[in-house]
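Take a look at the letters that make up each chain.
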Amino acid sequence: MKHDHNTPQSDPVATPSSRRGFLGVAAVGMAGILLAPGVRLFEIAQAAPAVGGASSKVRWGMLIDSGKCASGCTDCVKACNTENGLSGGTLPTDSQWIRKLDIKDTHTGAIQSLPMMCQHCAEPPCVDVCPTGASFKRADGIVLVDKHICIGCRYCIMACPYKARSFVHEPLTHQKPDVPRGMGTAEACTLCVHRVDRGEQPACVNACADAGHGAIIFGNLNDPESEISKRVASYPSRQIRENLNLNTGVRYLGI
Amino acid sequence: MIEKARGGQCVEEPAFMRRNHMKLLMHQRDDTLRRGIRTDKYSLKACIACHASQTSQSVNAEPGNFCQSCHNYVAVKIDCFQCHANQPAGIVAQQQVKP
């Protein structure tokens, strides 16, 4: 990635080694000093506290209780399609970020239902295979595609053991302003990153709760006080394809 | 002729924006996508909310729209809007309800 260093960056101010320099400059006069064209010190100082960004202290995850997930209910899928501007399968090649699966025990005949989507692995195979670095994991554990540099090679789609990624085959129009999507790139569940950054829950979690099932819990796996962490600590949850040691962010109960 | 923006004041001086808007957008895109830093200043969404045409509700649908008017003149193709919405959030929502 080529960065232009004339553009505003808060990094020089944040490093301890330059703090002395910063104070010295600040003493001269905060308001009028031009760091780079159009970027003044006080603007960076004002921007810093309001700007959180993704932190590695957080690991977003989901706990899905397949016992509460109703067979035939597709509210989470519909909510995902609406939130992210997906067609829901108008064309056979259209993207699918979340799908409902029914799994049957062939010995007993017991059927369980569960939603399947990007599992937001701690060790994501899609990131390993990406030749351009477009497939990446954010500091807070959300796995995303940087469509600016995705070349559409589809290695990630082949590498994902969960078949979670889709390829956009057709030109798109009227995308959601919060969810840019375009032809020739790979895409998958973003854990509704635009909502999470606003402090909200993913659309599927809300839809499941609204439908009265409440089968999906979303939260911070790194916070021992969060509901999801307490549940994960007290009940035996499973990762799908545990044998791959991917340490998924999405975990399942009752499978 | 460039269409008038809806808001009052741009985030920077017009002369600065003319030369450097692409650098600001490039910087902002990595901050937003990779580091999760979402600020209104320099955000493409905020640009579009203010600069969308009053007639077409878009920044690039017609030759005279804000982005398109200069980019046509200098023959620089913009591919932002192959993925990004070219209309403010409210307008997109209305259009999706209609059909």
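Residues numbered from 1 in each chain as written. Chains lettered and ligands numbered in written order. Predicted model: local features only at pLDDT ≥ 70, side-chain atom pairs only at ≥ 80, totals over all residues.

**Notes on the overall build of chain B**
Helices and strands together make up the secondary structure of chain B, namely 4 helices and 0 strands. Reading chain B from its N terminus to its C terminus gives the helix and strand order α-α-α-α. Principal-axis analysis of the C-alpha atoms places the extent of chain B at approximately 35 × 30 × 25 Å. Taken over 99 residues, chain B has a buried fraction of 26%. Summarising the internal contacts of chain B: among those between residues at least 6 apart in sequence, 48% fall at separations of at least 24. (Helix = DSSP H or I, 4+ residues; strand = E, 2+ residues; numbered from the N terminus. Buried ≥ 20, exposed ≤ 12 C-beta atoms within 10 Å, placed from the backbone. Contact = placed C-beta atoms within 7 Å.)

**Notes on the overall build of chain A**
In terms of regular secondary structure, chain A is built from 9 helices and 11 strands. Expressed as a percentage of contacts within chain A between residues at least 6 apart in sequence, the contacts between residues at least 24 apart total 59%.

**Digging into the sheet that holds strand S10 (residues 216–220) of chain A**
Adjacent strands of a sheet pair through backbone hydrogen bonds, lying either parallel or antiparallel. Residues and elements named next belong to chain A. What the 3 strands build is an open sheet, ordered S10-S3-S11; its pairing is mixed. Here the strands that pair on one side only, and so sit at the sheet edges, are S10 and strand S11 (250–253). On average, each strand axis in the sheet is tilted by 20° relative to the strand beside it, whichever way the strands run. Where strand S3 (residues 60–65) meets S10, 5 bridges bridge the pair, whose relative direction is antiparallel. Across the sheet, the residue bridging to Ile 64 is Ile 216, located in S10. Across the sheet, helix H9 (residues 227–234) lies against S3, S10 and S11, angled at about 110° from S10, the strand it touches most. (Pairing = 2+ DSSP bridges. Axes fitted to C-alpha atoms, helices over the stretch in contact; angles between N-to-C directions.)

**Some remarks on the environment of Asp40(B)**
Residue and element names in this part refer to chain B. Along the chain, Asp 40 falls in the loop between helix H1 (14–35) and helix H2 (44–51). Here Asp 40 falls in the exposed class, since 10 other C-beta atoms lie within 10 Å of it. Along the backbone, Asp 40 and Cys 70 are 30 residues apart, and their C-alpha atoms lie at a distance of 24 Å.

**Re the nonpolar core**
Looking at soluble globular proteins, one finds that nonpolar side chains tend to be buried together. All names here are of chain A. The biggest cluster of nonpolar side chains holds 51 residues, and the ones touching the most others in it are Ile 64, Cys 76, Cys 80, Ile 98, Cys 189, Cys 204 and Ile 216. Of all elements in the fold, only S3, helix H4 (75–84), strand S5 (111–117), strand S7 (143–145), helix H7 (193–197), helix H8 (203–210), S10 and S11 reach the threshold of two or more residues within this core. Looking at this core, the element that brings in the most residues is H8, giving 5 residues. Filtering out sequence-adjacent residues up to four positions away, Ile 64 remains in contact with Cys 69, Leu 114, Pro 115, Ala 215, Ile 216, Val 250, Tyr 252 and Leu 253. (Core = buried A, V, L, I, M, F, W, Y, C linked by C-beta atoms within 7 Å.)

**Structural notes on the packing of H4(A) against H8(A)**
Residue and element names in this part refer to chain A. One can describe the packing of H4 onto H8 by two numbers: an axis separation of 8 Å at closest approach and a directional angle of 135°. Relative to H8, the element H4 is oriented oblique. Handedness of the H4/H8 crossing: right-handed. From H4, Asp 75, Cys 76, Ala 79, Cys 80 and Glu 83 reach across to H8, where they touch Ala 203, Cys 204, Asn 206, Ala 207 and Cys 208. Its residues placed into classes, the contact of H4 with H8 shows 7 nonpolar, 1 polar and 2 charged. (Parallel < 35°, antiparallel > 145°, perpendicular 65-115°, else oblique. Left-handed = near helix turned anticlockwise from the far one by under 90°. Nonpolar A, V, L, I, M, F, W, Y, C, P; charged D, E, K, R; others polar.)

**With respect to the confidence of the model for chain B**
Looking at chain B as a whole, the pLDDT averages 87, with 91% of positions reaching at least 70. For this predicted complex, the interface confidence score (ipTM) comes to 0.85, while the overall pTM stands at 0.80. (pLDDT = per-residue confidence, 0-100.)

**Notes on unusual backbone geometry**
Residues and elements named next belong to chain A. For His 120, which is not glycine, the phi dihedral falls at a positive 50°. Mapped onto the elements, His 120 comes out in the loop between S5 and helix H5 (125–129). Backbone geometry at Arg 154 places phi at a positive 70°, although glycine is not the residue there.

**Side note on the confidence of the model for chain A**
Residue and element names in this part refer to chain A. Put simply, chain A has an average pLDDT of 85, and 80% of its residues get 70 or more. Overall, residues 1–17 carries pLDDT values under 50, and its contacts beyond four positions in sequence, including any with other chains, amount to 21 contacts. Contacts for the low-pLDDT stretch residues 21–35, under 50 throughout, to residues beyond four places or in other chains number 14 contacts.

**Quick notes on the pairing of strand S4 (residues 98–104) of chain A**
Residues and elements named next belong to chain A. Looking at chain direction, S4 and S5 are connected through 7 bridges and run antiparallel. Among the inter-strand pairings, Arg 99 is bridged to a residue of S5, identified as Met 116. Here S4 hands over to S5 after 6 residues, with Gly 109 in that stretch at a positive phi of 85°.

**Thoughts on the environment of Phe218(A)**
All names here are of chain A. Positionally, Phe 218 belongs in strand S10. Taking the number of C-beta atoms within 10 Å as the measure of exposure, Phe 218 has 25 and is therefore buried. The sequence separation of Phe 218 and Ala 159 amounts to 59 residues, and the corresponding C-alpha distance is 26 Å. In this structure, Phe 218 is in contact with Met 62, Gln 201, Pro 202 and Val 205, ignoring residues within four places of it in sequence.

**Overview of the environment of Ala122(A)**
Residues and elements named next belong to chain A. Looking at the element boundaries, Ala 122 is found in the loop between S5 and H5. Residue Ala 122 is classed as partly exposed on the basis of its 16 C-beta neighbours within 10 Å. C-alpha of Ala 122 to C-alpha of Thr 132: the two residues are 10 residues apart in sequence and 19 Å apart in space.

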